Amino acid sequence: MAQLSDDCFAHGGALMTVPEALEMLRSRTEALVATEACRLPDALGRVLAEDIIAPASVPPHPNSAVDGYAVSYGDLSEDSETRLKIGGRLPAGDRPAEHYEAGTALRIFTGAILPPGFDTVFMQEDCSLEQDDTIVVLPKGLKKGSNARAAGEDILKGETLLKKGHRLRGVDLGFLSSAGYGQFRVYTPLKIALFSTGNELHDPVTRTDDASLPEGAIFDSNRYTLLGFLKSRGITVTDLGILPDDGAAMKTALADAAREHDLVMTSGGVSVGEEDHVKDAIGALGSIHAWRLAIKPGRPIAFGQIGSTPFIGMPGNPVAVVVTFLGVVWPFLCHLSHQTYIEPMGQQLKAGFKHKKKKDRREWVRASCHLNSDGTVELVKYPRDGAGVLSSVCLSDGLIELPENALGIESGDLVTFYSFRELGL
Ligand code: AMP
Ligand code: MG
């Protein structure tokens, strides 16, 4: 269902800003997913394909919030305790009687319906019983409506509970269940084929012994970062391993992957070196447009298509992968999968350091929150900030975002900080 024109990723300019890139991607592509029915127990992490409208109010009836005695407030004396005959007993789940004697109290339990006329509930701990438990003594001073839950106080019939595009969390399943939904329509998950590229890469998982790496080799990290990012966001991923820097082998593997997936994603090999074979391979199979984004870290990223299957070529540097995924690729994947992208809000915090930056590019600085002895929070920059220093992501709390027009940070400046938790790391 890819709706891509041949030149949909084409971009003639030099450096592109993140908003420009996103605008271009979103305006030139359409979603790749279909819809299907989904049962509530299977819906965790799925994306709603319909607005969910409450078919009835929750709770459906007024009911008691405590175990105790329900009364009509008008039967209480204002300035002394009140003695009322107990006129009935009502556990949760029971239907109330047609009629209760006027001026009586009702022995009631949490969750039981408050019958018409009963509007206030005393907690049993505050009451005492007399005359063989036929009379309840109620203290003075309770407000009208105490411990009574109104019908519809949680959900009103006809209200929109969750919107199309919302990815369902655990609590949403309970919420939909409370409204009586056992099944609804969701979008099919995007099916992504994932490769790393590079002759230098080794996989620690498939290593047969614990011999040290050959000279020049490193372990592949991008594939596992991306696997984690994608899977935790409800995307179906096929891990297709590491591709060597070899045009012919790449072409075959990428063409095969494109036939069976909604999208193909690689990392590495999209820069300008002659060992960057991904671009040529995709160019031969369809079309490719390598973009240089005005961001740091990040920069090279490629979009294209293999036949009609979209292709995303992530950068090779591990931190650039993290940043471009969070800033560009994830919003784009949301668009392709009909999922509502939730713009992170960030927070304004004080920087405790000085930092220089080039104008006209957006920069993300890895930083952690330091709690000062006076209770204020200050951001501390991670000491090593190369695009290959993945420890800087795992061992910091988040990213400071410096906008295109900023020239740096002075110690004490308020800056926008996005915690990795908010970014869904
Ligand atoms: P490239 O864009 O292929 O030239 O890669 C840029 C840098 O990222 C090089 O230092 C690569 O070794 C490194 N790199 C590429 N892919 C990966 C990967 N999957 N895991 C870790 N590092 C990588
Ligand atoms: Mg490479």
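Since this is a predicted model, take the numbers as computed values, not measurements. Sequence order sets the numbering: in each chain, residues are counted from 1 along the sequence as written. Written order determines the labels here, with chains lettered from A and ligands numbered from 1. Note on the predicted model: pLDDT of at least 70 is required for a residue's local features to be given, and 80 or more for side-chain atom pairs to be given and counted; whole-chain, interface and lining totals, by contrast, use all residues. Processing note: side-chain calculations cover all non-hydrogen atoms of the structure and skip hydrogens and water entirely.

Draft legend 1. Seen up close, the site of ligand 1. By convention in this text, a residue qualifies as near a molecule or strand provided that one of its non-hydrogen atoms is within 4 Å of it. Around ligand 1, 16 residues are found, and the nearest of them are E200, D220, S221, G269 and G316. Interatomic distance of 3.3 Å between a side-chain N/O atom of N222 and a nitrogen atom of ligand 1. Two N or O atoms count as a polar contact when they lie within 3.5 Å, although within protein this holds only if one can serve as hydrogen donor and the other as acceptor, and sequence-adjacent residues are included solely when both atoms are side-chain atoms. N317 is positioned such that a nitrogen or oxygen atom in its backbone is 3.3 Å from an oxygen atom of ligand 1. Calculation of accessible area relied on Shrake-Rupley with a 1.4 Å probe; when residues are assessed, cover is drawn exclusively from the protein chains displayed. Alone, ligand 1 offers 480 Å² of accessible surface; in the complex the protein occludes 75% of this.

Draft legend 2. Fine view of the domain arrangement of the protein. Per the domain assignment, the segments of the protein are domain 1 (18-34 + 190-336), domain 2 (48-56 + 156-187), domain 3 (63-149) and domain 4 (347-423). These domain limits were set by an automatic method or by a database of domain assignments. Distance between the C-alpha centres of domain 1 and domain 3: 66 Å.

Draft legend 3. Quick peek at the pairing of strand β6 (residues 82-90). As defined by bridge partners, β6 adjoins strand β10 (residues 135-138) across four bridges and the pair is classed as antiparallel. When the bridges of β10 are listed, L84 appears paired with V136. We treat two strands as partners when DSSP finds at least two bridges between them. What counts as a helix is a DSSP run of H or I of at least four residues, what counts as a strand is a run of E of at least two, and both are numbered from the N terminus. Here β6 pairs with strand β7 (residues 105-108) via four bridges, running parallel. Pairing of R89 across the sheet is with R107, part of β7.

Draft legend 4. Highlighting the packing of aromatic side chains. Pairing of aromatic side chains here covers Phe, Tyr and the six-membered ring of Trp, requires ring centres within 6.5 Å, and sorts the geometry by plane angle: under 30 degrees stacked, over 60 edge-to-face, intermediate tilted. Inspection of the entire model under this criterion finds four aromatic pairs. Relative to F118, the ring of Y100 has its centre 5.9 Å away and its plane inclined at 90°; by these criteria the two rings are edge-to-face. In this pair, Y100 is assigned in the loop between β6 and β7 and F118 in the loop between β7 and β8 (120-123), connecting sequence segments 18 residues apart. Classification of residues uses two cut-offs on accessible area relative to the type maximum, computed with a 1.4 Å probe and protein chains only: under 20% is buried, over 50% is exposed, and between them is partly exposed. Since its relative accessible area comes to 14%, Y100 is described here as buried. F118 sits in the buried class, given a relative accessible area of 12%.

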